[in-house]
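# Structural characterization, general
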Amino acid sequence: MSDYLQEMYPPDNPGEYHVPAVLLLDCSHSMNGAPLKELNDGLQIFGRTLREDPLALGRADLAIVTFNSSVHEIQPFMPASMYQPPTLEASGMTSLNGAINHALDMIRSRKDYYAKVSGTKYYRPWLFVLTDGYPTDKELTKATQERLQKEIRNKGVFYLPMAIGDQANPRILQDYYPPEQSQKPYFKAKASDFKQAFVFLSNSISQVSRTDLSGGDTIKSPQVDRTITIGI
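In this report, we go over the structure that sits alongside the text. Note that the coordinates shown come from a computational prediction; the quantities given were computed from them, not determined experimentally.

## Quick look at the packing of aromatic side chains
What the rule picks out here adds up to nine aromatic pairs. On the basis of an interplanar angle of 70° and a centroid distance of 6.4 Å, the ring pair of phenylalanine 46 and phenylalanine 198 is categorised as edge-to-face. Of this pair, phenylalanine 46 sits in helix α2 (residues 34–51) while phenylalanine 198 sits in helix α7 (residues 197–209), and the two are 152 residues apart along the sequence. The exposure classification of phenylalanine 46 matches that of phenylalanine 198, with both residues buried. Put simply, the rings of Phe46, Tyr83, Phe128, Phe187, Phe198 and Phe200 touch in pairs and so form one group of aromatic residues.

## Digging into the pattern of salt bridges
Summed over the entire model, instances satisfying the criterion amount to nine salt bridges. The salt bridge partner of glutamate 16 is arginine 59, with a shortest N-O separation of 2.9 Å. Within this pair, whereas glutamate 16 is found in the loop between α1 (3–6) and β1 (19–26), its partner arginine 59 is found in helix α3 (residues 54–59), the two being separated by 43 residues in sequence. Among the residues examined, glutamate 16 registers a relative accessible area of 29% and is labelled partly exposed. Lysine 37 is the partner of aspartate 41 in a salt bridge, and the nearest nitrogen-oxygen pair spans 2.8 Å. Within this pair, aspartate 41 and its partner lysine 37 are both found in helix α2, separated by four residues, close to a single helical turn. With relative accessibility at 24%, the residue aspartate 41 sits in the partly exposed group.

Analysis parameters
Residues numbered from 1 in each chain as written. Predicted model: local features only at pLDDT ≥ 70, side-chain atom pairs only at ≥ 80, totals over all residues. Heavy atoms only, no water. Phe/Tyr/Trp six-rings, centres within 6.5 Å; stacked < 30°, edge-to-face > 60°. Helix = DSSP H or I, 4+ residues; strand = E, 2+ residues; numbered from the N terminus. Buried < 20%, exposed > 50% of the residue type's maximum accessible area, 1.4 Å probe, protein only. Salt bridge = Lys/Arg side-chain N within 4 Å of Asp/Glu carboxyl O.

What follows is the structure in structure tokens.
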């Protein structure tokens, strides 16, 4: 067993089903000003909303990854009960593809931890992606799309992207879904008004954490409309 798995934070209540979730957040230069304030406010709201549901607090494992010119693991997977909202800063470019790959690596390692260390069963992991622009690491786009599409097809991850501001193109984010998938849900929001999306995210995680999987299905995804508009 790798030292990396041994060093992971153990889940609360390991005998119960858990929902691992990665928040993948754009902190490029264009996020400065109102968008960054909304993002930091949203992370505060996310924590407060989660704390209102003790069951979800004991069953969710959260990680935070930011991206600009590089990828930054702000918070490794840890129990939601330990969540402390960070205060983020913005600069640089938009390494979206590198961030997606890093998040998928984290999810794979967390699954390994559940299987090999804690013996914890889990719901389908979540990957929430928030960005206001285009990926600047375009050389990674094709391979990253194919990797994420494979994970989605295999029900290895629930992908939910969010495009904020006028410069963000939802179709680019939808291209990370499998081409044959008819429904490709996403958030669309003003750059100055999107923090309520974190309430939706927290409530959705709470809903999933309450799902009865006594029938043996270890994966679960919520029902989400094709387009969710926030503040528009």
